[in-house]
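Spelled out from the first residue to the last, the chains are:
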Amino acid sequence: MPIPEVLFVCVHNAGRSQMAAALLHHHAQGRVVVRSAGSAPADTVNPAVVAVMNELGIDLSREFPKPLTTEGVQAADVVITMGCGDACPVFPGKRYFDWRLDDPAGLPAERIRPIRDEIARRVRALLAELAVAWPAPSSSSIVDGR
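Reference entry: report on the structure contained in this document. Predicted, not measured: the structure shown is a model, and the values here were computed from it. (Residues numbered from 1 in each chain as written. Predicted model: local features only at pLDDT ≥ 70, side-chain atom pairs only at ≥ 80, totals over all residues. Heavy atoms only, no water.)

Here we come to the sheet that holds strand β3 (residues 78-81). Strand pairing within a sheet occurs via backbone hydrogen bonds; the two strands may be parallel or antiparallel. If you walk across this open sheet you meet the four strands as β2-β1-β3-β4, and the pairing is parallel. On the outer flanks of this sheet lie β2 (33-38) and β4 (95-98), each paired with one strand and no other. Each adjacent strand pair in this sheet contributes to an overall mean axis angle of 20°, direction not counted. In terms of strand pairing, β3 meets β4 through four bridges, oriented parallel. Across the sheet, residue Ile80 finds its bridge partner in β4, namely Phe97. (Pairing = 2+ DSSP bridges. Helix = DSSP H or I, 4+ residues; strand = E, 2+ residues; numbered from the N terminus. Axes fitted to C-alpha atoms, helices over the stretch in contact; angles between N-to-C directions.)

See the structure below:
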């Protein structure tokens, strides 16, 4: 069975979608292909987002906002939008979810942490759901939700 691909989309790809992609990548341990994009990408990832992710030992300093493309959506099995409105194309056979989360743009770290923690909770639930839909091959080991 192929490895599932998840695409996280927000407007600027500088906060929510970057955190979600990094957290899923961290927890999935190679069991999921993870991408993120923005409908109107910013120039850089939000420095406060980079800081609160560093608190978890996840380094976003080399990440950069990427544009949303039709090809990226077509390649994904699951598309999770986070406030990008109708900018994300819809294709049959894809699973779409809209995670309504506050935008961390302009917020201090103490207000971004709860957003990060909610994203982490949703990512762990998504990973559990993906494990049912796309079971890992028997030869691979599954790491718990550290």
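The next thing to look at is the environment of Ile112. Take Ile112: it is sitting in helix α4 (residues 109-133). Each C-alpha atom of the pair Ile112 and Val49 lies 7.1 Å from the other, and the pair is 63 residues apart in sequence. Those residues in contact with Ile112 that sit more than four places away from it in its chain are Met19, Ala48, Val49, Val52, Pro104 and Leu107. (Contact = heavy atoms within 4.5 Å.)

Here we come to the packing of aromatic side chains. This structure, assessed with the given rule, holds one aromatic pair. Their ring planes at 55° and their centres at 5.8 Å tell us that Phe8 and Trp99 sit as a pair that is tilted. With Phe8 in strand β1 (residues 5-10) and Trp99 in the loop between β4 and α4, this pair connects stretches of sequence that are 91 residues apart. Above the ring of Phe64, the side-chain terminus of Lys66 is found at 4.7 Å from the ring centroid. (Phe/Tyr/Trp six-rings, centres within 6.5 Å; stacked < 30°, edge-to-face > 60°. Lys NZ or Arg CZ within 6 Å of the ring centre and 35° of its normal.)

Here the focus is the nonpolar core. With 34 residues, the main nonpolar core has Val6, Phe8, Leu24, Trp99 and Leu126 as its most contacted residues. Elements that contribute at least two residues to this core include exactly β1, α1 (16-28), α2 (47-54), β3 and α4. Sort the elements by how many residues they give to this core and α4 lands first, with eight residues. When near neighbours in sequence (up to four residues on either side) are disregarded, Leu24 contacts Val6, Phe8, Val32, Val34, Val123, Leu126 and Leu127. (Core = buried A, V, L, I, M, F, W, Y, C linked by side-chain atoms within 4.5 Å. Buried < 20%, exposed > 50% of the residue type's maximum accessible area, 1.4 Å probe, protein only.)

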